[in-house]
Amino acid sequence: MRILITNDDGVQAPGLYILVKNLQQVGQVRVIAPEREQSASGHAVTLHKPLRLTPTELPGVDGEVFACNGTPADCVILGILTDSAPPDLVVAGINGGANLGEEVLYSGTVSAAMEAAIQGIRSFAISIASYNEVDFAPAARFARRLAMLLNELDLPDNSFLNVNVPPVPAEQIQGIAVTRLGHRAYINRIDQREDPRGETYYWFSGDPTESDSAPGTDIAAIAENKISITPAHFDLTNHEILDNLNPLLEGLREW
Ligand code: MN
């Protein structure tokens, strides 16, 4: 199995390193990751500047490792197009910080997995639900097992998995839950400050506000110390109102 690994925390992030060390036990790894942190960079791709891959070393890692000056989605596209054959699997992570609910829309890590799905390659994103320094080992071991399983299993077209792991020791993890996304909005505060020249600048911040953490959601699973696996796809169509919208738009039909 040939595995392309990326993240949005940067090529030097500890979560990437432990992921690579674990996945190289089950496949041939190639790492292309941003040269610096790109958290919350979403699905951006770089069209207006040259992209470069700088060979880099990670201790004890056998495969190729590159630092990329682009985004996580760039890394996936480059990883697919600069190799002799496409990878069998793309894994993004292990992200430091959860990717639950609406966070998946901002996440560079999740977008990397989504880009792989767009390119027709099976993939998953994996995150640990804490910004503090925690042990990535249980998540890395789980990633290894999931990679092996995905090698045997075919996901439907345009689909990928979003995995969140609770930040607790392995023996405290209460199993695995297949979940839907809850609702968890993040950026809800703005700091307005003044720079040394007297000009105003702004800085986003906020605390997660969970408006749907019902049983069955990714948020509920993490709260119960379960590993959450959300099957995801990129069809943003609102199927619920698809049929109902037509009559509502009747007045717009006259040109
Ligand atoms: Mn990140």
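Up top is the structure these notes are about.
J.: So, helix α1 (residues 14–23): which residues are in play, and what are the values?
T.: By the burial criterion, the buried members of α1 are Gly15, Leu16, Leu19, Val20, Asn22 and Leu23. Along α1, the residues classed as buried sweep out an arc of 165 degrees about the axis, all on the same side. Considering only its buried residues, α1 is in contact with β1 (2–6), β2 (28–34), β5 (89–96) and α5 (137–152).

J.: How would you sum up the coordination of the manganese ion? Please name residues and give values.
T.: Distances from the manganese ion to its protein donors, namely Asp8 (OD), Asp9 (OD), Ser39 (OG) and Asn95 (OD1), fall within the range 2.1 to 2.3 Å. Spacing between the donor residues of the manganese ion along the chain follows D-D-x29-S-x55-N. Of this pair, aspartate 8 sits in the loop between β1 and α1 while asparagine 95 sits in strand β5, and the two are 87 residues apart along the sequence. Overall, aspartate 8 belongs to the buried group, its relative accessible area being 2%. Judged by its relative accessible area of 5%, asparagine 95 is buried.

J.: Mind laying out a nonpolar patch on the surface, listing which residues take part and the relevant values?
T.: Together, Leu105, Tyr106, Ile187, Ile190, Tyr202 and Phe204 give the surface a local cluster of nonpolar side chains, amounting to about 700 Å² of exposed area. Looking at the nonpolar patch, the elements that each hand over two or more residues are α3 (103–106) and β11 (200–205). Residue position: tyrosine 106 is located in helix α3.

J.: Describe unusual backbone geometry, with residues and values.
T.: A cis amide bond links glycine 93 to the next residue, isoleucine 94, at an omega of -10 degrees. Examined against the element boundaries, isoleucine 94 turns out to sit in strand β5. If you check the backbone angles, alanine 40 has positive phi at about 65 degrees while not being a glycine. Within the fold, alanine 40 resides in the loop between β2 and β3 (53–55). A relative accessible area of 57% means that alanine 40 is categorised as exposed. At asparagine 158, a position not held by glycine, the phi torsion is positive, near 65 degrees. Position of asparagine 158 among the secondary structure elements: in the loop between α5 and β7 (159–165). Overall, the relative accessible area of 41% leaves asparagine 158 in the partly exposed class.

Here is what the cut-offs are and how they apply
Residues numbered from 1 in each chain as written. Predicted model: local features only at pLDDT ≥ 70, side-chain atom pairs only at ≥ 80, totals over all residues. Heavy atoms only, no water. Buried < 20%, exposed > 50% of the residue type's maximum accessible area, 1.4 Å probe, protein only. Helix = DSSP H or I, 4+ residues; strand = E, 2+ residues; numbered from the N terminus. Arc of directions from axis to C-beta. Contact = heavy atoms within 4.5 Å. Donors = N, O, S within 2.8 Å, 3.2 Å for Na, K, Ca; no water. Patch = residues over 30% accessible without salt bridge, like charges linked within 9 Å, V, L, I, M, F, W, Y side chains within 5 Å. Areas by Shrake-Rupley, 256 points an atom, 1.4 Å probe, with all protein chains shown as cover. Salt bridge = Lys/Arg side-chain N within 4 Å of Asp/Glu carboxyl O.

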